[in-house]
Amino acid sequence: MPDSPHAETLDIETTQPREQARAAVVSVENVAVSYPSREGVFHALSDVSLRVARREFISLIGPSGCGKTTLLRLIADLAQPSTGTIRVNGGTSRQARGDRSYGYVFQTPALQPWRTALANVMLPLEIIGLAANERRARATAALMAVGLGDAASRYPWQLSGGMQQRVSIARALSLRPELLLMDEPFGALDEITRDKLNLHLTDLWRDRDLTVIFVTHSIPEAVFLSTRIVAMSAKPGRISRVIDCGLPRRRTLDIRNTPEFLAISKQVRDALSDAYANE
Amino acid sequence: MSEAIAGIGVFRTARAGVPQWSRRILAPVVILCALLAIWSIAATLVNPSPAAAAAGIWPSNWWNPRPTLPSPPQIAVATWTGLFGYPVTSPRSLIYHAAVTLEAALAGFGLAAVLGTALATAIVHVRLLDRGLLPWVIVSQSIPVLATAPMVVVAMGYMGFSGLLPKAVISASLAFFPVTIGMCKGLRSPQTVQLDLLRTYNASGRQVFWALRWPSAIPYLLPALKIAMALAITGAIVGELPTGAQAGLGARLLIASYNGLMLLMWATLIVASLTAGLAVGALALLERALPRFRLPA
Ligand SMILES: Nc1ncnc2c1ncn2[C@@H]1O[C@H](COP(=O)(O)OP(=O)(O)OP(=O)(O)O)[C@@H](O)[C@H]1O
Ligand SMILES: [Mg+2]
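What counts and how
- Residues numbered from 1 in each chain as written.
- Chains lettered and ligands numbered in written order.
- Predicted model: local features only at pLDDT ≥ 70, side-chain atom pairs only at ≥ 80, totals over all residues.
- Heavy atoms only, no water.
- Contact = heavy atoms within 4.5 Å.
- Buried area = accessible area lost by both parts, 1.4 Å probe.
- Salt bridge = Lys/Arg side-chain N within 4 Å of Asp/Glu carboxyl O.
- Polar contact = N/O pair within 3.5 Å; in protein donor to acceptor, adjacent residues only side chain to side chain.
- Helix = DSSP H or I, 4+ residues; strand = E, 2+ residues; numbered from the N terminus.
- Nonpolar A, V, L, I, M, F, W, Y, C, P; charged D, E, K, R; others polar.
- Near = heavy atom within 4 Å.
- Areas by Shrake-Rupley, 256 points an atom, 1.4 Å probe, with all protein chains shown as cover.
- Phe/Tyr/Trp six-rings, centres within 6.5 Å; stacked < 30°, edge-to-face > 60°.
- Buried < 20%, exposed > 50% of the residue type's maximum accessible area, 1.4 Å probe, protein only.
- Lys NZ or Arg CZ within 6 Å of the ring centre and 35° of its normal.
- Axes fitted to C-alpha atoms, helices over the stretch in contact; angles between N-to-C directions.
- Parallel < 35°, antiparallel > 145°, perpendicular 65-115°, else oblique.
- Left-handed = near helix turned anticlockwise from the far one by under 90°.
- pLDDT = per-residue confidence, 0-100.
- Core = buried A, V, L, I, M, F, W, Y, C linked by side-chain atoms within 4.5 Å.
- Pairing = 2+ DSSP bridges.

Caption draft 1: Focus on the interface of chain A and chain B. The interface of chain A with chain B comprises 21 residues on the first partner and 17 residues on the second. Between chain A and chain B, a total of about 1,900 Å² is buried, with carbon and sulfur atoms accounting for 57% of that surface. Broken down residue by residue, the surface that chain A buries against chain B is led by Arg-97, Trp-114 and Ile-127 of chain A, which jointly contribute 35%. As a salt-bridge pair, Arg-73 of chain A and Asp-196 of chain B come within 2.8 Å of each other at their nearest N and O atoms. At the junction of chain A and chain B, the tally comes to eight residue pairs in polar contact (both at pLDDT 80 or more). Elements with a minimum of two residues in the side of chain A that touches chain B: helix H4 (93-98), strand E6 (102-105) and helix H5 (117-127) of chain A. In terms of residue class, the side of chain A that touches chain B is built from 12 nonpolar, three polar and six charged.

Caption draft 2: Main features of the site of ligand 1. Residue and element names in this part refer to chain A. Around ligand 1, the neighbouring residues are Tyr-35, Phe-42, Ala-44, Ser-64, Gly-65, Cys-66, Gly-67, Lys-68, Thr-69, Thr-70, Glu-184 and His-217. Between Tyr-35 and ligand 1, the recorded distance is 3.3 Å, taken from a side-chain N or O atom to a nitrogen atom. Within the side chain of Lys-68, an N or O atom sits 2.7 Å from an oxygen atom of ligand 1. With the chains in place, 62% of the 630 Å² that ligand 1 exposes on its own is no longer accessible. Counting only elements with at least two residues in the shell around ligand 1, the list comes to strand E2 (40-52) and helix H3 (68-75). The biggest single contributor to the shell around ligand 1 is H3, with three residues. The residue makeup of the shell around ligand 1, split by class, is four nonpolar, six polar and two charged.

Caption draft 3: Quick peek at the packing of aromatic side chains. Inspection of the entire model under this criterion finds 10 aromatic pairs over all chains. Between Trp-39 of chain B and Trp-266 of chain B the ring centres are 4.9 Å apart and the planes differ by 65°, which places this aromatic pair in the edge-to-face class. On the criterion of sequence distance, the pair formed by Trp-39 of chain B in helix H1 (residues 2-46) and Trp-266 of chain B in helix H12 (residues 262-289) is long-range, its members being 227 residues apart. When its relative accessible area of 25% is taken as the criterion, Trp-266 of chain B is described as partly exposed. One aromatic cluster in this structure is built from Phe-57, Phe-186, Trp-205 and Phe-214 of chain A. The lysine or arginine in question, Arg-249 of chain A, covers the ring of Trp-205 of chain A, its NZ or CZ lying 4.3 Å from the ring centre.

Caption draft 4: Spatial organisation of the pattern of salt bridges. Residues and elements named next belong to chain A. Taken as a whole and assessed by the stated rule, the structure comprises 15 salt bridges over all chains. Salt-bridge contacts for Arg-51 lead to Glu-29; the nearest nitrogen and oxygen are separated by 3.9 Å. Of this pair, Arg-51 sits in strand E2 while Glu-29 sits in strand E1 (residues 26-37); the two residues are 22 residues apart in sequence, bridging distant segments of the chain. Residue Arg-51 is classed as partly exposed on the basis of its relative accessible area, which comes to 44%. Using a relative accessible area of 36% as the deciding quantity, one classes Glu-29 as partly exposed. The shortest N-O distance in the salt bridge between Asp-207 and Arg-206 comes to 3.6 Å. For Asp-207, a relative accessible area of 56% gives the class exposed. With a relative accessible area of 12%, Arg-206 lands in the buried category. Each member of the salt-bridge network shares a partner with another, and the members are Asp-203, Arg-206 and Asp-207.

Caption draft 5: The arrangement of the packing of helix H4 (residues 94-125) of chain B against helix H10 (residues 205-240) of chain B in detail. Residues and elements named next belong to chain B. Axis separation between H4 and H10 bottoms out at 7 Å; the angle between their running directions is 140°. On the basis of their axis angle, the class for H4 and H10 is oblique. Between H4 and H10 the crossing geometry is right-handed. From H4, Val-100, Thr-101, Leu-102, Ala-104, Ala-105, Leu-106, Phe-109, Ala-113, Thr-117, Thr-121, Val-124 and His-125 reach across to H10, where they touch Phe-209, Arg-213, Trp-214, Leu-225, Ala-228, Met-229, Ala-232, Ile-233, Ala-236, Ile-237 and Glu-240.

Caption draft 6: Structural detail: the confidence of the model for chain A. Residues with a pLDDT of 70 or more make up 91% of chain A, whose mean pLDDT is 87. Contacts of residues 1-21 of chain A to residues separated by more than four positions or lying in other chains number 14 contacts, the stretch itself having pLDDT below 50.

Caption draft 7: Structural detail: unusual backbone geometry. Residue and element names in this part refer to chain A. With omega at -5°, the peptide bond leading from Lys-235 into Pro-236 counts as cis. Positive phi, close to 70°, is recorded for Arg-55, a residue that is not glycine. As for its placement among the helices and strands, Arg-55 is situated in the loop between E2 and strand E3 (57-61). Given the relative accessible area of 5%, Arg-55 is considered buried. Of note, the phi angle at Asn-89 is positive, near 55°, even though the residue is not glycine. Relative to the helices and strands, Asn-89 is located in the loop between strand E4 (83-88) and strand E5 (91-92).

Caption draft 8: Up close: the environment of Leu-204 of chain A. Residue and element names in this part refer to chain A. Structurally, the position occupied by Leu-204 is in helix H8 (residues 191-207). Taking the C-alpha atoms as reference, Leu-204 lies 9.6 Å from Leu-173; in sequence the two are 31 residues apart. Not counting residues up to four positions away in its chain, the partners in contact with Leu-204 are Ala-145, Leu-173, Asp-209 and Leu-210.

Caption draft 9: Quick peek at the nonpolar core. Formed by 96 residues in total, the largest nonpolar core has its most connected members in Val-26, Leu-143, Leu-181, Ile-213, Val-223, Ile-229 and Val-268 of chain A. Beyond its immediate sequence surroundings of up to four residues, Leu-143 of chain A is in contact with Ala-117, Leu-118, Val-121, Leu-148, Gly-149, Ala-152, Val-167 and Ala-170 of chain A. One finds Val-179, Leu-187, Ala-217 and Leu-253 of chain B within the second-largest nonpolar core, a separate group that totals 44 residues.

Caption draft 10: Region of the structure containing the sheet that holds strand E8 (residues 211-216) of chain A. Residues and elements named next belong to chain A. Taken in spatial order, the six strands of this open sheet run E6-E7-E8-E3-E9-E10, and their pairing is mixed. Single-partner strands in this sheet number two, and they are E6 and strand E10 (238-244). Strand-to-strand twist of the sheet, defined as the mean angle between neighbouring strand axes without regard to direction, takes the value 15°. Judged from the four bridges that link them, E3 and strand E9 (residues 228-233) form a sheet pairing that is parallel. By the bridge assignment for E9, Leu-60 is matched with Val-230. Its contacts with the sheet place helix H10 (residues 259-277) against E3, E9 and E10, and it is angled at close to 170° to E10.

Caption draft 11: Local environment of the side chain of Ser-27 of chain A. With respect to the element layout, Ser-27 of chain A can be found in strand E1. Non-local contacts of Ser-27 of chain A, meaning those with residues more than four positions away in its chain, are made with Leu-50, Arg-51, Thr-85, Ile-86 and Arg-87 of chain A.

So this is what it looks like as structure tokens:
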């Protein structure tokens, strides 16, 4: 039955087609990161394994210092593991960075103050050597996608924190990556703005078939956005529990009042309490 | 109602403006007046007063034709005459000499800007140069120009260069320093996250330089250029001292000191600082035109 094309189309909305499930977008195997410290060796990450399939939305959640940023940086080839292997799109993380196959959103917007919002979004397109008119068109589209079409000519200091963070998301989207790595992108925002951006993000993820790895400290945010939640604990940094999140792909904010949502939230909360108890 | 509010707004900004204005203008003016007063008293006490006293001019020693310490009005008159009393092509015109010096200073400034930037770029990109070159750049500034200037002039004279070029080189040897130091700091100013961002785009070293390091360094470059401009003019003047040059503010100073012409010396000094002030002011205007590149306050 899975061989019939009809069944395959139906499959997409619910689970992964088989072939894509086998070829993980990101696979992290027995990875450890350690730094020399005064008391010997500090284990930022220890024996971490994680496979992320296409169109998944993974949230990393856990106490401060448990290695969430470190893990994201390993996948992005901004840091190297002490042991273990990391594969992205079937190749090494170095190759993936070389192919510009991911977009990275940092904890701070990291906009260039001498560039307008539009020019900031065009930065990666300049680096890859796109023609000027194509650059402008793509950057404008990316700004529209985050709802900032009318702020294109403003400088970063003329934008609110939430708008700046949206520009940085547009910048990551402008390269049209299939994989998005996001490090607490909404950490510094108020609840309402955060809700709005969460909705934006979940729409983008669904409409563009993105694969997202997302770091957050907020349980409702993680449950609302994710297909899977990875709870981590510190000292040494490791994965303590992985919680599946069977909510439908199309989500609106009222989903947060459903019993399913609350049940998953409780699971995550319990996992985190255990992680904090270890401190 | 709305008019009343608007009125209050005007009133308040006006009131807020006065102390601001007075602090910026009044304080320097008061200091200047005090200095001039002390100077005038000193000029009265120090200068001999032969002929003028007999003629009944008061205060007699303010107008001594060969003063030890010229009085402020006497310097003002001499400066004015030096600037506007002769056609600008005349060797007695201070404008003529200022132009000769400024030409060399601008050439030296240009040289220094290019050399300083190139050095800083090399130092920032090659770790070995950071250890190997930067200490020498700093040591170079502890050698007095007065000692090196004649050597440069003589050496370049052997190679067949004279006139503008040796002066520009001496001028640049002073002016490149603030540019190098400022650019080193500026090129290193981008935050780690900014560098990481470009790394995620797999940007080359050259791309990182033009897209991030260079624009980040502009706010450091502009103040460095202002200091460099002032030093370039000093350097050009010093460069004119050993050449036996006929033209330039330095040559004028040398003639004045050989002949004990204190008045000419003071007038030349004032023209030198006016020239430096104008050149630095022009750069400040340029800085204003690039507000986006100013350092965050
Ligand atoms: N270059 C480094 N040298 C030494 N220790 C490091 C280095 N980078 C990270 N660490 C340590 O590794 C641990 C994990 O850091 P990481 O930034 O990944 O934490 P995190 O989970 O992102 O925390 P937060 O939620 O506060 O952002 C921290 O204890 C940190 O001090
Ligand atoms: Mg972090």
